[in-house]
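An overview of the molecular structure
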Amino acid sequence: MSPTFDVVELATTYANKSAQDILKLAFAEFGDDLWISFSGAEDVVLVDMAWKLNKNVKVFSLDTGRLHPETYRFIDQVREHYKIDIELVSPDYTKLEPFVKEKGLFSFYKDGHGECCGIRKIEPLRRKLSGVKAWATGQRRDQSPGTRSAVAVMEIDSAFSTPERTLYKFNPLAQMTSEEIWGYIRMLELPYNSLHERGFISIGCEPCTRPVLPNQHEREGRWWWEEATQKECGLHAGNIISKA
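Residues numbered from 1 in each chain as written. Predicted model: local features only at pLDDT ≥ 70, side-chain atom pairs only at ≥ 80, totals over all residues. Heavy atoms only, no water.

For the record, the criterion: UniProt positions are given in the numbering used here, feature names are shortened, and annotations may be inferred rather than shown by experiment.
Looking at an unreviewed UniProt entry, the protein carries the name Adenosine 5'-phosphosulfate reductase, with the source organism given as Pseudomonas kribbensis. According to its UniProt record, the protein has this under Subcellular location (unreviewed entry): "Cytoplasm". For the record of the protein, the UniProt heading Catalytic activity (unreviewed entry) holds the text "[thioredoxin]-disulfide + sulfite + AMP + 2 H(+) = adenosine 5'-phosphosulfate + [thioredoxin]-dithiol".

Structure (structure tokens):
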């Protein structure tokens, strides 16, 4: 990374630039130290853009153990389509097994999704990012008006940086809309999760995801039993922290 990399200034400079331009900057600054986070939904657009810039792009995905079968199949489709490895990061069984033994498999319907997501998503992500200098996500501002409307195209990751190590986070798709994402997928005939054909828009773990009705926002299909401003699992905790 160059000594002149000022993430705040660059976020302003690149605020209206294309996703490809943002990824070019990310690769120029971090090279093979940049990891792409692939959630198994429409993040294929991010993977496609990154792969076209760097055929050796590094990609990881969180395997919570509770994903839909269609999502696991989709991950393999993307692996095969781009001939890349997708590193699956799993929960720590020493934390997961006691949690399931004490609370069962569906406690989140009663006491919220925070604890389950903490074990199945946040801890594995923190473990993965502990050895990473920069990562790129498929976050978009239109995904969740309650928590993502002000997502910057690049930022210091306040949730996963440590006093000893600054972690940089890129959100190249921040200003793209759902319509633009799907236009890109259709135009280039990219693989996508087959659940989208059954009314699923935002896709997470199977027990916490459902199809949405016409004119419902995509986030209505996630954690539908909880208040809208809490519909984050913690992977992008800074979205909520920054609004506190």
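1. Description of the overall build of the protein
Note the threshold: The helix and strand labels rest on DSSP assignments: H or I over at least four residues marks a helix, E over at least two residues marks a strand, and numbering proceeds from the N terminus. For every residue, the accessible area (1.4 Å probe, protein chains only) is compared with the maximum for its type, and the residue is labelled buried under 20%, exposed over 50%, or partly exposed between those bounds. Throughout, a contact is declared for two residues whenever any of their heavy atoms are within 4.5 Å. Each accessible area is a Shrake-Rupley estimate made with a 1.4 Å probe; only the visible protein chains count as cover when residues are assessed.
Counting secondary structure elements, the protein contains 9 helices and 6 strands. In the protein, which comprises 244 residues, the proportion classed as buried is 52%. Pairs at least 24 residues apart make up 69% of the contacts formed inside the protein by residues separated by at least 6 positions. For the protein, the accessible surface area stands at approximately 11800 Å², while carbon and sulfur atoms represent 52% of it.

2. Quick notes on the packing of helix H3 (residues 44-53) against helix H8 (residues 178-188)
Rule in force here: Think of each axis as a best-fit line through the C-alpha atoms, taken over the contacting stretch in the case of a helix, with angles from 0 to 180 degrees between the N-to-C directions. An angle below 35 degrees is treated as roughly parallel, one above 145 as roughly antiparallel, one from 65 to 115 as roughly perpendicular, and anything else as oblique. By definition, turning the near helix anticlockwise from the far helix through less than a right angle yields a left-handed crossing, and turning it clockwise yields a right-handed one. Residue classes follow a fixed rule: Ala, Val, Leu, Ile, Met, Phe, Trp, Tyr, Cys and Pro count as nonpolar, while Asp, Glu, Lys and Arg count as charged, and any other residue, Gly among them, counts as polar.
Following both chains from N to C, one finds H3 and H8 inclined at 60°, their axes separated by 10 Å at the closest point. If you check the angle between H3 and H8, you find them oblique. Relative to H8, H3 is oriented so that their crossing is left-handed. From H3, Val44, Val45, Asp48, Met49 and Lys52 reach across to H8, where they touch Ile181, Tyr184, Ile185 and Leu188. When the residues that make up the contact of H3 with H8 are grouped by side-chain class, the tally is 7 nonpolar, no polar and 2 charged.

3. Some thoughts on the packing of helix H2 (residues 19-30) against H3
It is at 10 Å that the axes of H2 and H3 come closest, and there the two elements cross at 55°. Classed by the angle they form, the pair H2 and H3 counts as oblique. Regarding H2 and H3, the two cross each other, and that crossing is right-handed. Contacts between H2 and H3 involve Ala19, Gln20, Leu23, Lys24 and Phe27 from the former and Leu46, Met49, Ala50 and Leu53 from the latter. In the contact of H2 with H3, the residues fall into 7 nonpolar, 1 polar and 1 charged.

4. Some remarks on the pattern of salt bridges
For the record, the criterion: Definition used for salt bridges: Asp or Glu carboxyl oxygen within 4 Å of a side-chain nitrogen of Lys or Arg.
What the rule picks out here adds up to 12 salt bridges. Residue Glu87 pairs with Lys128 through a salt bridge whose shortest N-O separation is 3.3 Å. Of this pair, Glu87 sits in strand E3 (residues 86-89) while Lys128 is found in helix H7 (residues 114-129), placing the two residues 41 residues apart along the sequence. In this structure, a network of salt bridges that share partners links the residues Glu42, Arg140 and Asp142.

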